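Take a look at the letters that make up each chain.
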Amino acid sequence: MAQLAGLQYSSGEAVIVMDVDLQDPPEVIRDLVAKWREGFDVVMAQRRSRKDNFCKTFVAKVGYHLIARLADVEIPKNTGAFRLMSRRVVNELCRLKECHGFLMGMVAVVGFKHTSVQFDRPARSIGDTKYGPFGGIRNGLHGLISFSNNLLTLSSFFGFAVAGLSLVLGLGYAVMKLTGTPFPIGNPTIVILILFLGGIQLITVGIL
């Protein structure tokens, strides 16, 4: 949210978003500006290596892998908010009026000419981060939910599976009734109806 607010109030020909704890080295700005002057609208700072604790590194690695596999937009691995964007990219981002704050996905959606420069991300020099692993997980979920239809497709798939299971159970109960086999404990009609309607609801969610 702070990043998006900053973009809305910015006025320069190019805007750079970066962390203020010096893990995004200011000297990389020269490389970002150089690429921008070559004609690129978005110049991402891509981490060649990073010095973070194991938990944060693991969460980031898994998150980037899932987003690369499931997202409908291309989000390069090992890139974060640290990037340069031209004025026309910033204007398009502001026009989206999004509030989830997954900047990487939003930049991928608006398009324009992209490139990247690589850098080695140092360890935090002082203080403790307030953005722990759960913040990274929350941000990653925003990316998956906002920029992928796969979860909705999965909902439909489970809906068809559950509805199909209810039909199989219904057929099984009918056969047991006709052959005089004792019913299992519970009311089979309620079980079948709950499963069938639950499956229809999941299918409907996927369609919506």
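Details of the structure are given in the entry above.
Keep in mind that this is a model prediction, so the values were computed, not measured.

Draft legend 1. Region of interest: the overall build of the chain. On a plain count of helices and strands, the chain comes out with 8 helices and 4 strands. Mapped in sequence order, the helices and strands of the chain form the string α-β-α-β-α-β-α-α-β-α-α-α. Scored against the burial criterion, the 208 residues of the chain give a buried share of 32%. Considering only residue pairs separated by 6 or more positions, the chain has 78% of its internal contacts joining residues 24 or more positions apart. In the form shown here, the chain has an accessible surface area of approximately 13,000 Å², with 64% of it arising from carbon and sulfur atoms.

Draft legend 2. Focus on a nonpolar patch on the surface. On the surface, Leu 151, Leu 154, Phe 157, Phe 158 and Leu 202 cluster together to form a nonpolar patch covering roughly 460 Å² of accessible area. Counting residues per element, the nonpolar patch draws most heavily on helix 7 (residues 150–179), at 4 residues. Classification of Phe 158 as partly exposed rests on a relative accessible area of 46%.

Draft legend 3. Up close: the packing of aromatic side chains. On inspection of all chains with the given rule, the structure shows 1 aromatic pair. Their ring planes at 85° and their centres at 5.7 Å tell us that Phe 82 and Phe 119 sit as a pair that is edge-to-face. In this pair, Phe 82 sits in strand 3 (residues 79–86) while Phe 119 sits in strand 4 (residues 114–121), placing the two residues 37 residues apart along the sequence. Given a relative accessible area of 4%, Phe 119 falls into the buried group.

Draft legend 4. Just helix 4 (residues 87–96), in detail. Val 89, Val 90 and Leu 93 are the residues of helix 4 that are buried. In a view along the axis of helix 4, the buried residues occupy a sector of 100°, so they form one face of it. Lys 97, located one to two residues past helix 4, shows a positive phi value of around 55°.

Draft legend 5. The pattern of salt bridges, seen in detail. A full pass over the atoms with the stated rule returns 3 salt bridges. Notably, a salt bridge pairs Arg 88 with Asp 41, separated by 2.7 Å at the nearest N-O pair. In this pair, Arg 88 sits in helix 4 while Asp 41 sits in the loop between helix 2 (28–37) and strand 2 (42–50), placing the two residues 47 residues apart along the sequence. The shortest N-O distance in the salt bridge between Arg 95 and Glu 92 comes to 3.1 Å. In this pair, Arg 95 and Glu 92 are both assigned in helix 4, 3 residues apart and thus about one turn of the helix distant.

Draft legend 6. Broad picture of the nonpolar core. Counting 15 residues, the largest nonpolar core has Leu 7, Met 85, Leu 93 and Leu 103 as its most contacted members. At the level of secondary structure, the elements contributing two or more residues to this core comprise helix 1 (2–9), strand 1 (14–17), strand 2, strand 3, helix 4 and helix 5 (103–110). Considering each element in turn, this core owes the most residues, 4 residues, to helix 5. The residues contacting Met 85, other than those within four sequence positions of it, are Leu 7, Glu 13, Ala 14, Val 15, Val 17, Asp 41, Val 42, Val 90, Leu 93, Leu 103 and Val 107. With 9 residues, the next largest nonpolar core counts Phe 40, Ala 45, Phe 82 and Val 117 among its residues.

Draft legend 7. Here's a closer look at the pairing of strand 3. Burial analysis of strand 3 places 8 of its 8 residues in the buried class, which makes it a mostly covered element. As paired elements, strand 1 and strand 3 share 4 bridges and run antiparallel to each other. Residue pairing for strand 3: Val 15 is matched across the bridge by Met 85.

Reading the values: rules and limits
Residues numbered from 1 in each chain as written. Predicted model: local features only at pLDDT ≥ 70, side-chain atom pairs only at ≥ 80, totals over all residues. Heavy atoms only, no water. Helix = DSSP H or I, 4+ residues; strand = E, 2+ residues; numbered from the N terminus. Buried < 20%, exposed > 50% of the residue type's maximum accessible area, 1.4 Å probe, protein only. Contact = heavy atoms within 4.5 Å. Areas by Shrake-Rupley, 256 points an atom, 1.4 Å probe, with all protein chains shown as cover. Patch = residues over 30% accessible without salt bridge, like charges linked within 9 Å, V, L, I, M, F, W, Y side chains within 5 Å. Salt bridge = Lys/Arg side-chain N within 4 Å of Asp/Glu carboxyl O. Phe/Tyr/Trp six-rings, centres within 6.5 Å; stacked < 30°, edge-to-face > 60°. Arc of directions from axis to C-beta. Core = buried A, V, L, I, M, F, W, Y, C linked by side-chain atoms within 4.5 Å. Pairing = 2+ DSSP bridges.

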